[in-house]
Amino acid sequence: MKNLNHNSGSPVTGRRYWRSLDELAETPEFKDWLHREFPQGASEMEDGTSRRHFLKIMSASFALAGVAVMGSGCRRPEEALVPYGKQPENYIYGTAQYFATAMPTRTGAVPLVVKSYDGRPVKVEGNAFFPNSNGGTDRYVQASILGLYDPDRARLFKQAGKKVSRDEALAFLDTLSTKFAANQGEGLAILSESSTSPSRARLQKLIATKFPKAQWFTSDAIDSAIHQRAATLAFGQPVRPVFNFDKARVIVSLDADFLGGEDDAHNHIRKFAASRKPGETMNRLYVAESLFTLTGAGADHRLRLAASLVAPLAQSLLAAINGGAVAAVPGVDAKWIAECAKDLAANHGNSLVVAGQRQPLEVHLLAQAINSALGAIGNTVSLLPALESASGDLKNFDGTGTDTFVILGGNPVYNLSWAPKAKPANVVRLGYYEDETALKCDWTFPATHYLESWGDAITSDGITVAVQPLIQPLFGGLTELEFLARLAGESVTNPHDIVRATLGAGDEAWKKILFNGYVVDSASAGIAAKFSATAPEVKAVAPSASSLEVVFYRDAKVDDGRLANNGWMQELPDPITKMTWDNAVLVSRKTASDLGVANGDIVEISLKGRTVSGPIWVQPGMADYSLGLALGYGRENAGRVGTGVGFNAYKIFSGSYVENGAAIRKTGGTYTLACTQHHWSMEGRPAVREGNLEQFAQDFDFTKGYSEAAPPVVKSLYPNPLDEAKKTALHQWGMTIDLNSCVGCGTCVVACQSENNIPIVGKDQVSRGREMHWLRIDRYFTTEPSRRKPADAFQKDEDQQFEQWIDDVQAVNQPMLCQMCETAPCESVCPVNATVHDQEGLNVMAYNRCIGTRYCSNNCPYKVRRFNYLDYNKRPLTELKGTLYSTTLTHKTDGKWDLLRWWNDPNSGMRSEDEWDLIKLSKNPDVTVRMRGVMEKCTYCTQRIEQAKISQKAKAGASDNVRLKESEKTVPKTACQQACPAGAIVFGDVSDPDSQVSQLKLQKRNYSVLEELLTKPRTTYLARIRNPNPDMPDYRNWPYSHDEYEQLNGGSAETEKKGNS
Amino acid sequence: MIFPKWTNWLPLVLGLGAALAGGGVVAGVTVYLTPKYTRAGYQPVQPVPFSHRIHAGQLGVDCRYCHNGVEKSWFSNLPGASTCMNCHNQVLKDDARLQIVRDSAANNTPIPWVQVHKVPDYVYFNHSVHVSRGISCVECHGRVDQMDEVKHVKPFSMSFCLDCHRDPASHIRPTDKVTNLGWQWSTNAAEAATLQQVNGQKFVHDWKVESLQSCSACHR
């Protein structure tokens, strides 16, 4: 029988418990007290007027106190407006200017359009007018703008650590040039990073002619040129391959993280997404890899395989395709290989095999042999002329007989496992930082940022692009071209003139190149070639607990270490591990349990006599007995941000990215890693919805298919004011995110940070869950329900690393940002109306109203609101790592007491002047810089929307043409949308039925996250579709996430379709 | 007797005194701490005794001759000295008061004009959208064409902005009359007011003028 008593009630029968003597006595007073929600007197404060009146009087008295202190000085301080003496033409203060340029990479360049305010670049975007580009970029490009304003940049010309003038330094270069011109370059050696610049290639040739005895070495810590070397070997002529993922129907990745760590990933993502549209063409991706990478997360069939066993797999695949027997690969189901080979062969001419940059040359040759057998050459693999650069082998160079050693860029002392035997008399360095290498050099020259340089480059698809500066070098550095020209003793040393001479452009042509950002029709023609090498025979040994395999990989954030001092990159969660401010020793669950280690245990890895220590991190989906080590951390002299972050895996790196024979030993210490997503499971909630291509073909409705989650719709008690406002508003903004295109690369996160002035908070704050990213990417792991008990889904975060289900997982990514709910839960709890809706459906934040109660964040079901716990913008970079945040009362900056500094200038922070000046330059002037105590969140880039509306209205003048229309291309793009290389994010006007976003929302893949809460989000998601091969041994009817949902929710609408084949 | 008799009045006197003092505080705050007092009336001395009354009023130079960015940018720029010299290399070319301007144009050294009008922090005001859509300069800056030295005449408080945003029809005018600060619909005040309402409502309707009052209109 149901208990009908009040909440005070205990069961009528049975044992009675009482909480006070009055309750026992059941006095009328007690009953009265029980029925009052608040104690007596509390309701008096509920009266709106008296409470407001009280606040009014209080604020008035405080204000008067202020008047008393300040005298009558309530006016603003006097400020000067300083116009030009000579007004420049075509320049209007307050409007942004855009310039085309490009960011050079190791094997290409990313064509860009950079936004500049008052002569300072503030935001980098892809050049959408570049052939085949969609305007997308990558993480490194987005973060590069912060590098321009890095206070730790090299600023001075130095000799033996002491400052010299620029003229003295240049004079020294002249003496070098004269000296080597006389002795033909005897004793001169140059070490450079790889580059695609035609001008540099020209200068290099010039130096080779002028100084024939000089030596030139090109070396990179992350060697991406292996694709070119392998192709040149395979096809018997100097070619480099371009992988056309957009033409491929079946793709096999042999440990190639082409969507993540490989060079040129943004182009790969764009092409891959283009051929992965369900309903049109949908490719199928097979991945064999040891680390869990973004490519593995995007795979239809993922084979967890030690990196050293990828070679035999490739050989076995080749044999199978050539009709031979499938040779056994340790731990791999022969059917997997056979069916994969069958699928490849069935798509002759439309299939593609790529070998990873980490893999040795043999695997690349095998991959090209397979491609050749599949008729891929000329279709899915284009061959372009190789970018040749004569380079000696650094391994044969030991510095003997070298008088002058010139280091161009790079950081060889830190990241090349190479050191000269004898120190040359002069070590001359052109570098961007005063880093580990600079400390060992006799002469150091500051280098310029690419946004300060004239230059050129050739993109991966063979188009020549111009690099044009947006700002004079902030600290008067030299470009590589100018440095080389001076070294060569050229009369023309101006990099602008050098580039023009290389491109041979007349005045008009040059203007056109700079306007477009690239040389029109400069794409090189493809080369037809046949595989002419012999496929190598490979032998490999599987790693074991006693002989572990180490995989060194390019970090998704700091690259090879060059971005270590970039706070945005350090704080960007790793796309897969979601770790910030650290690297770790990634191991599988089985490896960890066999070796008796767990998350955070510090282990010492010894590999052929070399050792390094780092913390363990159990990574779902890792291959067993394989250790994943990210390069680029453990910098000793990176700067205020990057010094001492993580451990230096280069200490045991010998040049090959996969090496067997390592052992680990527990040191006994533990280490805290700052991770932004501790929880791996979706707990049976359909946050990410997935289906296979079959379900998509059967028109499965991803909203209704999960409808059990939604409670019956009840009519709202109060009308939503937005419904009324909608009728007259010009637009209604909305967004879709296509989970099928999204690969989780994180470009959007950095783009958002750059556009919206989002501060970095440091490791300690991240570990307290205080990261500020407005846009995060949630990454969930799902597994076959039979592998785990339903209760395990709700496991404690720290225990999930020991569970067997994490061995074989599927991963899903979901960008999560403010969902712009029409009935926003955050708004109803704000006591000061600081977050309210505008008429166009935006949930807006008025920062100056916010008093920091954080109620909104508590009530947000998507957890996308961010609170400024500290004044992050005024926090010195040197204190990012500490736990304490000093106050102005006790803190000193540049030797001065902060309170006094504040008194003199209330805008001053606790940052040194150099940091302060540069951080001001880097901010976007269209977005408020928030201070301590203020809540913030994604705004759909309201500044861009407003700017677009203002432009349209100003254009409309006395007419009614004020609506932004997609057909007229006046609808703005959000920063995340613009940066996304996959085109997964679409923003637009949902009240326009023809807009792209409206069309996408009509798809059956469209669904809202947590729709059962009736928040009516404006941001919706398009379900992810997988395309597994029914003949494969690991085929399932549904993706894991769906089965997991069904298991935890006791079956649903689609129960009859469930099950394994 | 410990307390003298007059202390009987003490509670009343104190009560009255507190009420008076409290009233004074409230009155003081409402008068002296609102932007109507703190902003309006500000008239700093400028480095060059430039008279808008002579240039814009008597000579009838259009506002946009000097403030030429006003239709394109959020900011209404101050002219470079080179703009002044377009006329002053002929007119008053040796006048001592123009020495700073001549120096500035010759040496490209800026003239440090004192800023008069400034919107409060956290507000993103945009000139171009207002002047392009029939909101005259005079709405915020007053009769600058009658001022020798520019004076801050409007309060620039949030309610000042909202008054207009709530009722654009009372302020909007034909776009070609935006820089004509003295322009009226009629010389008869009553008739002008009626015409303003009739035409204002027509403009608001025909031009789809939004009466924007949401936070995102000004705060970003």
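Keep in mind the model is a prediction, meaning the values are calculated, not measured.

**Focus on the domain arrangement of chain A**
Residues and elements named next belong to chain A.
Here comes step 1: Under the domain assignment used here, chain A contains domain 1 (1-38), domain 2 (241-383), domain 3 (548-675) and domain 4 (690-1025).
Here comes step 2: Computed over C-alpha atoms only, the centres of domain 2 and domain 3 are separated by 27 Å.
Here comes step 3: Taken together, the contacts link 16 residues of domain 2 with 20 residues of domain 3.
Here comes step 4: When residues of the side of domain 2 that touches domain 3 are assigned to their parent elements, the largest contribution, three residues, is made by helix α9 (residues 294-297).
Here comes step 5: Among the residues forming the side of domain 2 that touches domain 3, the class breakdown is eight nonpolar, six polar and two charged.

**Focus on unusual backbone geometry**
Residue and element names in this part refer to chain A.
Here comes step 1: A positive phi angle, close to 65 degrees, is found at Gln184, a residue other than glycine.
Here comes step 2: Along the chain, Gln184 turns up in the loop between α5 (166-182) and β7 (188-192).
Here comes step 3: Judged by C-beta crowding, with 13 C-beta atoms within 10 Å, Gln184 ranks as partly exposed.
Here comes step 4: A positive phi is found at Cys941, a non-glycine position, where the angle reads about 50 degrees.
Here comes step 5: The class for Cys941 is buried, based on 27 C-beta atoms found within 10 Å.

**Here we look at the sheet that holds strand β10 (residues 250-254) of chain A**
To summarise the sheet geometry, strands pair through backbone hydrogen bonds and adopt either a parallel or an antiparallel arrangement.
Residues and elements named next belong to chain A.
Here comes step 1: Overall, parallel pairing links the four strands, which are arranged β12-β11-β10-β13 in an open sheet. The two strands at the open ends of the sheet, each matched to only one other strand, are β12 (301-304) and β13 (351-355). With direction set aside, neighbouring strand axes in the sheet form an average angle of 10 degrees.
Here comes step 2: Sheet topology places β10 next to β13; five bridges connect them, and they run parallel.

**Re the packing of helix α4 (residues 139-148) of chain A against helix α21 (residues 747-755) of chain A**
Residues and elements named next belong to chain A.
Here comes step 1: At a minimum axis distance of 8 Å, the contact between α4 and α21 shows a crossing angle of 20 degrees. Looking at the two axes, α4 sits roughly parallel to α21. Read as a crossing pair, α4 and α21 show a hand that is left-handed. Of the residues in α21, those in contact with Arg139, Gln142, Ala143 and Ile145 of α4 are Thr747, Val750, Ala751 and Ser754.
Here comes step 2: Looking at the contact of α4 with α21, its residues break down into four nonpolar, three polar and one charged.

**Quick notes on the sheet that holds strand β15 (residues 404-408) of chain A**
All names here are of chain A.
Here comes step 1: On the basis of which strands lie adjacent, the open sheet formed by seven strands has the order β6-β5-β17-β16-β15-β7-β8 and mixed pairing. For this open sheet the edge positions go to β6 (162-164) and β8 (215-218), each flanked by a neighbour on one side alone. Between one strand and the next, the sheet's axes are offset by a mean angle of 20 degrees, whatever the strand orientation.

**Concerning the packing of helix α10 (residues 310-321) of chain A against helix α11 (residues 334-346) of chain A**
Residues and elements named next belong to chain A.
Here comes step 1: At their nearest, the axes of α10 and α11 sit 9 Å apart, and the two run at 55 degrees to each other. Considered as vectors, α10 and α11 are oriented oblique to each other. For the pair α10 and α11, the crossing hand works out as right-handed. Between α10, through Leu313, Ser316, Leu317, Ala320 and Ile321, and α11, the contact on the second element is made entirely by Ile337, Ala338, Cys340, Ala341, Leu344 and Ala345.

**Quick notes on the confidence of the model for chain B**
Here comes step 1: Averaged over all residues, the pLDDT of chain B is 91; the fraction at 70 or higher stands at 100%.
Here comes step 2: The ipTM assigned to the predicted complex is 0.90, against a pTM of 0.88.

**Quick word on the environment of A:Val618**
All names here are of chain A.
Here comes step 1: In this fold, Val618 is placed in strand β24 (residues 610-618).
Here comes step 2: Under the C-beta neighbour-count criterion, Val618 is labelled buried, with 25 such atoms within 10 Å.
Here comes step 3: It is 5.0 Å that separates the C-alpha atoms of Val618 and Val587, two residues lying 31 residues apart in sequence.
Here comes step 4: Setting aside anything within four residues of it in sequence, one finds Val618 in contact with Val587, Arg589, Ala592, Asn599 and Gln801.

**Some thoughts on α4(A)**
Here comes step 1: Counting buried residues along α4(A), ten of its ten residues qualify, which places the element largely inside the surrounding structure.
Here comes step 2: Considered for burial, the residues of α4(A) that qualify are A:Arg139, A:Tyr140, A:Val141, A:Gln142, A:Ala143, A:Ser144, A:Ile145, A:Leu146, A:Gly147 and A:Leu148.

**Considerations on helix α30 (residues 1040-1048) of chain A**
Every α-helical turn comprises 3.6 residues, leaving residues that sit three or four positions apart pointing alike.
Residues and elements named next belong to chain A.
Here comes step 1: Burial analysis of α30 places seven of its nine residues in the buried class, which makes it a mostly covered element.
Here comes step 2: By the burial criterion, the buried members of α30 are Tyr1040, Ser1041, His1042, Asp1043, Glu1044, Tyr1045 and Glu1046.
Here comes step 3: Summarising the contacts, the buried residues of α30 are in contact with β28 (690-692), β30 (776-782) and β31 (810-816).

Parameters and conventions
Residues numbered from 1 in each chain as written. Chains lettered and ligands numbered in written order. Predicted model: local features only at pLDDT ≥ 70, side-chain atom pairs only at ≥ 80, totals over all residues. Domains from an automatic or database assignment. Contact = placed C-beta atoms within 7 Å. Helix = DSSP H or I, 4+ residues; strand = E, 2+ residues; numbered from the N terminus. Nonpolar A, V, L, I, M, F, W, Y, C, P; charged D, E, K, R; others polar. Buried ≥ 20, exposed ≤ 12 C-beta atoms within 10 Å, placed from the backbone. Pairing = 2+ DSSP bridges. Axes fitted to C-alpha atoms, helices over the stretch in contact; angles between N-to-C directions. Parallel < 35°, antiparallel > 145°, perpendicular 65-115°, else oblique. Left-handed = near helix turned anticlockwise from the far one by under 90°. pLDDT = per-residue confidence, 0-100.

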